[in-house]
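One letter stands for each residue in the lines below.
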Amino acid sequence: MGTNDRMIDLSARVLLVEDDPAHAFIAVTVIRQVLGDGCEVVVAETADEAMGVIRHFTEQDRPDLMLVDLRLPDHGGFAVLSAARAHEPSSQIPLFVVTSSMYDRDIAQSYELGASVVLSKPLSRAKLKEELARIGALPQTPAGLIQRALNH
């Protein structure tokens with residue numbers, strides 16, 4: 001097989017930071033319904049685990065989207081937001097906070113730390129599609145992939 005015969009992976013990559021297995025299952029299911037079954041979803045269960053993953057991002061392997069829960073068993077989602085925005089390869093990735101907290105101060109702090117969107121749990125297909133469309137899709141993902149997902 002020649003160099004031009006290789007398949008190009010157009011699958012979206014997502015980092016999901018969620019400690020609750022039930023919410024993680026729902027989120028992964030919804031993400032794959034919206035972005036396709038071939039979507040790669042990496043799940044981090046703690047802020048420490050997520051920050052370790054973020055530190056290893058490069059321009060070539062960063063995710064196209066991050067979804068972060070605020071209530072985590074260690075440092076919490078705010079630490080993940082700060083780490084993601086401080087690390088250059090992930091600084092421009094769309095960052096969705098998915099939380100059961102609807103306190104105004106938590107929502108405000110999420111946006112102050114660089115969240116693109118704050119969604120309430122449980123994550124829904126309609127809401128994820130709506131917010132992806134509202135923010136203008138994902139810049140690191142080929143436009144056709146996202147457009148197909150939004151039209152699905």
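Every value quoted in this text rests on a predicted model; they were computed, and no experiment measured them. Along each chain, numbering runs from 1 in the same order as the chain's sequence is written. Predicted model: local features are reported for residues with pLDDT of at least 70 only, side-chain atom pairs are reported and counted for 80 or more only, and whole-chain, interface and lining totals are derived from all residues. Side-chain measures here rest on the full set of heavy atoms in the structure, leaving out hydrogens and waters.

1. What about the overall build of the chain?
- Tallying secondary structure elements over the chain gives six helices and five strands in all.
- A run of H or I in DSSP counts as a helix once it spans at least four residues, and a run of E counts as a strand once it spans at least two, with each numbered from the N terminus. Sequence-ordered secondary structure for the chain, helices as α and strands as β, is β-α-β-α-β-α-β-α-β-α-α.
- Using a 1.4 Å probe on the protein chains alone, a residue whose accessible area is under 20% of its type maximum counts as buried, one over 50% counts as exposed, and one in between counts as partly exposed. Relative to its full complement of 152 residues, the chain shows a buried share of 45%.
- Looking at the chain alone, contacts between residues at least 24 apart form 67% of all its contacts between residues at least 6 apart.
- Only the protein chains shown count as covering a residue, and every accessible area follows the Shrake-Rupley method with a 1.4 Å probe. Split by element, the accessible area of the chain, about 8,000 Å² in all, is 52% carbon and sulfur. Any pair of residues with heavy atoms lying within 4.5 Å of one another is described as a contacting pair.

2. What to know about the confidence of the model for the chain
- As a per-residue quantity, pLDDT reports the predictor's confidence and falls between 0 and 100. When pLDDT is averaged across the chain, the result is 84; 83% of the residues are at 70 or more.
- Ignoring residues within four places in sequence, the model shows residues 1-9, a span with pLDDT below 50, making one contact including any to other chains.

3. Points about helix H5 (residues 125-134)
- Within the sequence span of H5, burial applies to Leu128, Lys129, Glu131 and Leu132. Down the axis of H5, the sector holding all buried residues measures 165°, keeping them to one side. In H5, the exposed positions that point more than 90 degrees away from the buried face belong to Ala126 and Arg134.
- At the C-terminal side of H5, glycine 136 shows a positive phi close to 85°. It is the directions from the helix axis to the C-beta atoms that the arc portrays.

4. With respect to the packing of helix H2 (residues 47-55) against helix H3 (residues 77-86)
- Note on geometry: axes are lines fitted to C-alpha atoms, helical ones only across the stretch in contact, with angles between N-to-C directions running from 0 to 180 degrees. Running from N to C, H2 and H3 point in directions that differ by 5°, and their axes come no closer than 9 Å. Between H2 and H3, the crossing angle belongs to the class labelled roughly parallel. Across the interface between the two elements, Ala47, Ala50, Met51 and Ile54 of H2 pack against Ala79, Val80, Ala83 and Ala84 of H3.
- A per-class count over the contact of H2 with H3 returns eight nonpolar, no polar and no charged. For classification, angles of less than 35 degrees are called roughly parallel, those exceeding 145 degrees roughly antiparallel, those between 65 and 115 degrees roughly perpendicular, and all remaining angles oblique. The nonpolar class holds Ala, Val, Leu, Ile, Met, Phe, Trp, Tyr, Cys and Pro. Asp, Glu, Lys and Arg form the charged class, and all remaining residues, Gly among them, are polar.

5. Quick notes on H3
- Turning to H3, its buried residues are Gly77, Phe78, Val80, Leu81 and Ala84. End-on, the buried residues of H3 take up no more than an arc of 160°, which puts them together on one face.
- In this structure, the buried side of H3 is in contact with strand E1 (13-17), H2, strand E3 (65-68), strand E4 (95-99) and helix H4 (104-112).

6. Points about the packing of aromatic side chains
- Working definition: a ring pair exists when centres of Phe, Tyr or Trp rings (six-membered ring for Trp) sit within 6.5 Å. Plane angles under 30 degrees give stacked, over 60 give edge-to-face, the rest tilted. One pass over the structure, following the stated rule, counts zero aromatic pairs.
- Throughout this description, the term charge over a ring refers to an Arg CZ or Lys NZ atom that lies within 6 Å of the ring centre and within 35 degrees of the ring normal. The positively charged end of arginine 105 is found above the aromatic ring belonging to tyrosine 103, 4.8 Å away from the centroid.

7. Observations regarding the sheet that holds E4
- Here, strands pair whenever DSSP counts at least two bridges between them. A sheet is described by the order of its strands in space; here five strands give the open sequence E2-E1-E3-E4-E5, paired in parallel fashion. Either end of the sheet is taken by a strand with one partner, and the two such strands are strand E2 (40-44) and strand E5 (117-120). Adjacent strand axes in the sheet meet at a mean angle of 20°, parallel and antiparallel pairs treated alike.
- Looking at chain direction, E4 and E5 are connected through four bridges and run parallel. If you follow valine 98 over to E5, its bridge partner there is leucine 119.

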